[in-house]
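# Commentary on secondary and tertiary structure
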Amino acid sequence: MHAVLARRQLNPDVTRLDVEAPRIAQIRQPGQFVIVRRAETSERIPLTIADADPVRGSIALVIQAVGKSTRELVALQPGEAILDIAGPLGRPTELIPSGHAVCVGGGVGTAVVHPIAQGLHARGVRVTSIIGGRSREWVIFEEELRRLGAVIVCTDDGSYGRKGFVTVALGDVLAGGGVDAVYAVGPVPMMRAVAALTRPLGVRTIVSLNPIMIDGTGMCGGCRVSVGGEMKFACVDGPEFDGHRVDYDELQDRLATYRQYELEALRCAETQCRLGPHLTNLPAAEGAHSAAKPAEPAVVP
Amino acid sequence: MSGKLSTRERLSIPRQRIPEQPPEARASNFAEVNLGFTEQLALLEAQRCLQCKDPKCVRGCPVGVNIPRFLQLLTEGKVAEAAQSLLCDNALPAVTGRVCPQETQCEAECVRAAKGEPVAIGYLERYVADWARTHAERLPIEKAPPTGKRIAIVGSGPSGLTAAGELARRGHEVTIYEALHKPGGVLVYGIPEFRLPKKIVEQEVERLRRLGVRIECNVVIGRTWTLPELRARFDAVYIANGAGLPLFLNIPGENLKGVYSANEYLTRVNLMAAWQFPRNDTPVLHGQRVAVIGGGNVALDAVRTARRLGAQEAMIVYRRTKAEMPARAEEIHHAEDEGVRFHFLTAPVEILGNEKRWVTGLKCIRMEPGAPDETGRARPVPVPGSEFVLPCDIVVVAIGTRANPLLTSTCPELKLNRWGNIVVDENGMTSLPGVFAGGDIVRGAATVILAMGDGKRAAQAIDAWLRGELKPAEAQTPAPTG
Ligand SMILES: Cc1cc2nc3c(=O)[nH]c(=O)nc-3n(C[C@H](O)[C@H](O)[C@H](O)COP(=O)(O)OP(=O)(O)OC[C@H]3O[C@@H](n4cnc5c(N)ncnc54)[C@H](O)[C@@H]3O)c2cc1C
Ligand SMILES: Cc1cc2nc3c(=O)[nH]c(=O)nc-3n(C[C@H](O)[C@H](O)[C@H](O)COP(=O)(O)OP(=O)(O)OC[C@H]3O[C@@H](n4cnc5c(N)ncnc54)[C@H](O)[C@@H]3O)c2cc1C
Ligand code: SF4
Ligand code: FES
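Residues numbered from 1 in each chain as written. Chains lettered and ligands numbered in written order. Predicted model: local features only at pLDDT ≥ 70, side-chain atom pairs only at ≥ 80, totals over all residues. Heavy atoms only, no water.

## Description of the site of ligand 2
Residue and element names in this part refer to chain B. Inspection of the region around ligand 2 gives 33 residues, with Val 99, Glu 178, Arg 195, Ile 221 and Asp 440 positioned closest. Within the side chain of Glu 178, an N or O atom sits 2.6 Å from an oxygen atom of ligand 2. Within the backbone of Asp 440, one N or O atom sits 2.9 Å away from an oxygen atom of ligand 2. A total of 1000 Å² of accessible area belongs to ligand 2 in isolation, and the protein chains cover 94% of it. For the shell around ligand 2, the secondary structure elements donating two or more residues are helix 10 (158–169), helix 15 (297–308) and helix 19 (448–466). No other element matches the 3 residues that helix 15 contributes to the shell around ligand 2. Tallied by class, residues from the shell around ligand 2 come to 17 nonpolar, 11 polar and 5 charged. (Near = heavy atom within 4 Å. Polar contact = N/O pair within 3.5 Å; in protein donor to acceptor, adjacent residues only side chain to side chain. Areas by Shrake-Rupley, 256 points an atom, 1.4 Å probe, with all protein chains shown as cover. Helix = DSSP H or I, 4+ residues; strand = E, 2+ residues; numbered from the N terminus. Nonpolar A, V, L, I, M, F, W, Y, C, P; charged D, E, K, R; others polar.)

## Re helix 16 (residues 329–337) of chain B
Residues and elements named next belong to chain B. The complete set of buried residues in helix 16 reads Glu 330, Glu 331, Ile 332, His 334 and Ala 335. Summarising the contacts, the buried residues of helix 16 are in contact with helix 2 (23–26), helix 9 (121–134), helix 15 and strand 9 (341–343). Once helix 16 ends, the next one or two residues include Gly 339, with phi positive near 90°. (Buried < 20%, exposed > 50% of the residue type's maximum accessible area, 1.4 Å probe, protein only. Contact = heavy atoms within 4.5 Å.)

## Points about the packing of aromatic side chains
What the rule picks out here adds up to 10 aromatic pairs over all chains. With centroids separated by 6.4 Å and ring planes inclined at 75°, the aromatic side chains of Phe 436 of chain B and Trp 465 of chain B adopt a geometry described as edge-to-face. Of this pair, Phe 436 of chain B sits in strand 16 (residues 435–437) while Trp 465 of chain B sits in helix 19, and the two are 29 residues apart along the sequence. Phe 436 of chain B sits in the buried class, given a relative accessible area of 0%. For Trp 465 of chain B, a relative accessible area of 19% translates into the label buried. Of the aromatic side chains, those joined through ring pairs into one cluster are Tyr 258 and Tyr 261 of chain A together with Phe 277 of chain B. One Lys or Arg, Arg 23 of chain A, reaches over the ring of Trp 225 of chain B and ends 3.4 Å from the middle of that ring. (Phe/Tyr/Trp six-rings, centres within 6.5 Å; stacked < 30°, edge-to-face > 60°. Lys NZ or Arg CZ within 6 Å of the ring centre and 35° of its normal.)

## Some details on the interface of chain A and chain B
Contacts between the two partners involve 66 residues from chain A, matched on the other side by 54 residues from chain B. Across the contact surface, chain A and chain B share 4 salt bridges. With its nearest N and O atoms 3.4 Å apart, the salt bridge here joins Asp 253 of chain A to Arg 357 of chain B. Counting the contacts that link chain A with chain B gives 23 residue pairs in polar contact (both at pLDDT 80 or more). (Salt bridge = Lys/Arg side-chain N within 4 Å of Asp/Glu carboxyl O.)

## Looking at the side chain of Asp 215 of chain A
Tracing the chain through its elements places Asp 215 of chain A in the loop between strand 13 (204–208) and strand 14 (224–227). A polar side-chain atom of Asp 215 of chain A sits 3.2 Å from the main-chain amide nitrogen of Gly 218 of chain A. A polar side-chain atom of Asp 215 of chain A sits 3.5 Å from the main-chain amide nitrogen of Cys 220 of chain A. The residues touching Asp 215 of chain A, leaving out its near neighbours within four places in the chain, are Ile 35, Arg 44 and Cys 220 of chain A together with Leu 180 of chain B.

## Concerning the sheet that holds strand 13 of chain A
Residues and elements named next belong to chain A. Ordered by their spatial adjacency, 7 strands build an open sheet running 11-10-9-8-12-13-16, and the pairing between neighbours is mixed. The sheet is open, and its two edges are formed by strand 11 (162–163) and strand 16 (240–242), each paired on a single side. Along the sheet face, helix 5 (residues 166–175) touches strand 8 (100–106), strand 9 (126–133), strand 10 (149–155), strand 11 and strand 12 (181–185) and points at about 155° away from the line of strand 9. The sheet contacts of helix 6 (residues 188–198) involve strand 8, strand 12 and strand 13, and relative to strand 12 the element is tilted by about 165°. (Pairing = 2+ DSSP bridges. Axes fitted to C-alpha atoms, helices over the stretch in contact; angles between N-to-C directions.)

What follows is the structure in structure tokens.
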């Protein structure tokens, strides 16, 4: 059991939980994550270690409530607890030894990019952070990142900082030259756009991928992604990869595998139906519906 | 009942059938298929044993269970003694009685197999073990006084559990580190409920805890602690982290939605109980037509799981013939009874998908037996121009696993063979003094009983090592791989 020590809502969707995990707090490195199972019937879900306090023995999880599991997690109050936390998992970020790095965070990815910026700053790399949100109230981790270097804030509606996407601001910084590496964490389209900007300039770009995971130990292969045409397991080979070589379309597509189930889980949680529907009400793999009639006999010569 | 029957009387008893759930019912539930012998059936079956002076069955058993002894005690009505005898040879008999390939081990060697059917050793082992499980209070727990020595075990599969029990009984302080949230290894995440109820594994784990074994879940060795760190904190280490890295086919379409490794499919359903979605939060896709590629126990577990999740057509696609399937014979029979379809001499060449990247079919090619390969089996060769499409919406790849490098890659001093398996000497010791290994991480994907045998042997070697009676071997012999 891992007690929730503190809880702070950072924006309407995103909540920071500081939870007890002494061993992980001591040894975690930038880029690593944990697998969390809130209660006996919960999913195992991956969350980045956004920060850690080795003295208090706690790690910070910054969670965007997108579905049932994350909603339940952000509803936890201090004094409540998380059943299982395994980690730290994944390879630590490859931090450049010196020079100038730009850290780009979109949405909750801003929290994920924070430990990377911390790591870079700690070894003397100059850090510029570019972070974005829909409007002022959605911007998170600005203060923490300002302690590590310059911060450029972008909002979609221009209510704070620059108006427009983070990629526009990144384009300007890149145009100034002298950027040795870009670290980008956020929604898949954002990472794809960042990689598209840096690729022609040959600027090294590292992205943190977020495929669906279960064990986080390389045992199931569910987290597989294609990088440079090769199959990689993001939980053990990543989660960070060379942004120029990632197959983003495939990643985004695979993330949608359980969409119908996720909606069903939320509907059940909201209507408090304890028994749930029978198996027959569940969506089959969509291929069964959209493909040629599933009952067709095998085409055997 | 008396055990004094003549050989003729014993020979006249036919092999007893184990009651099972009817196929129609079980194909849609996850309850155990075999229901187990009743007391009456067990006594009758045990009397079939001829009590050979030179029991061949014992030689067929990888851990040398004294089979005639526990069967004799059973026929004498001394079930508690039978249980004690069995447990002294085999730490997890309720598991092996259900999952051992008896037809190629003990029962293959049984003299009665020559003329008729062998003694149903597996079912009897299961009967006695189940008695022991449900009468734990009648079996004393014997434990040596504390030695003050501390041992770490990596992985809580059958190998780690067996080693832990053996070491704890010898008075050592044992801590098992397990990466997942539940102990049991393949016994909980891989082998389905309908074959091995999870309650049995829980009871075995509980028995170990009562012996004083500590189990820390959610600890990934290589990440949470490194191997050198463990070695520094403990007097000895036993590595039994299995062979959990799934292999894929390397054919087009493997990243379409609807393609699973057997490990993922089974883990979702077993460990995460996805068959109870949405009562449990983890989902699993329910296909109408599910194609499972492979011919081992893993493939059969996956295809029978698909059937229970409601697949109208659950198919095995295997590149060799039925006779060459490595799965347990009983599982093949059960799958057939449950309406699983088999496509033998068939190999997949491509997974087909629609414009939304959902699986729609499996393109296959017919195979024919060719010249024998290094395993002595006919190497299947493709028949040119014989491609055809099996329409399906889910594909499960069950073609085997390899050693997971997560732990070994963080400890370069640990000697591995070219498949990434840990190399050990005849005592189970690795190239690092005081670090032992066994089970699938050494053998490659093998069996529960072999993993347990390694655990027991390693425990004895560790005990000797801790008493200073064992020196690291000079030369490291390469380990056999499966
Ligand atoms: C390495 C890694 C680090 C991550 N770090 C963070 C983080 O710091 N903060 C944060 O808010 N989110 C993070 N995520 C994403 C987070 O794990 C998912 O948002 C969460 O699992 C969704 O669960 P849900 O039940 O709330 O939503 P659902 O309704 O189940 O799903 C919403 C979406 O989340 C994705 N998802 C669902 N299940 C999983 C799963 N088991 N693993 C991964 N993705 C899944 C799917 O694409 C789905 O469309 C990370 C993901 C990865 C792989
Ligand atoms: C679906 C399936 C069906 C099978 N059916 C049969 C059968 O019918 N009969 C039979 O005899 N055999 C069967 N087998 C094979 C048998 O299960 C294995 O040979 C046996 O479980 C190996 O035991 P083990 O203890 O070496 O490893 P495992 O059972 O694999 O256990 C290893 C444990 O170590 C943990 N671990 C891994 N890495 C780490 C780490 N870095 N840190 C901490 N913990 C770690 C894992 O999570 C796991 O719990 C089957 C296998 C599968 C997958
Ligand atoms: S352990 Fe397996 S091989 Fe040995 S007697 Fe029992 S069932 Fe037979
Ligand atoms: S999450 Fe299972 S292999 Fe990565």
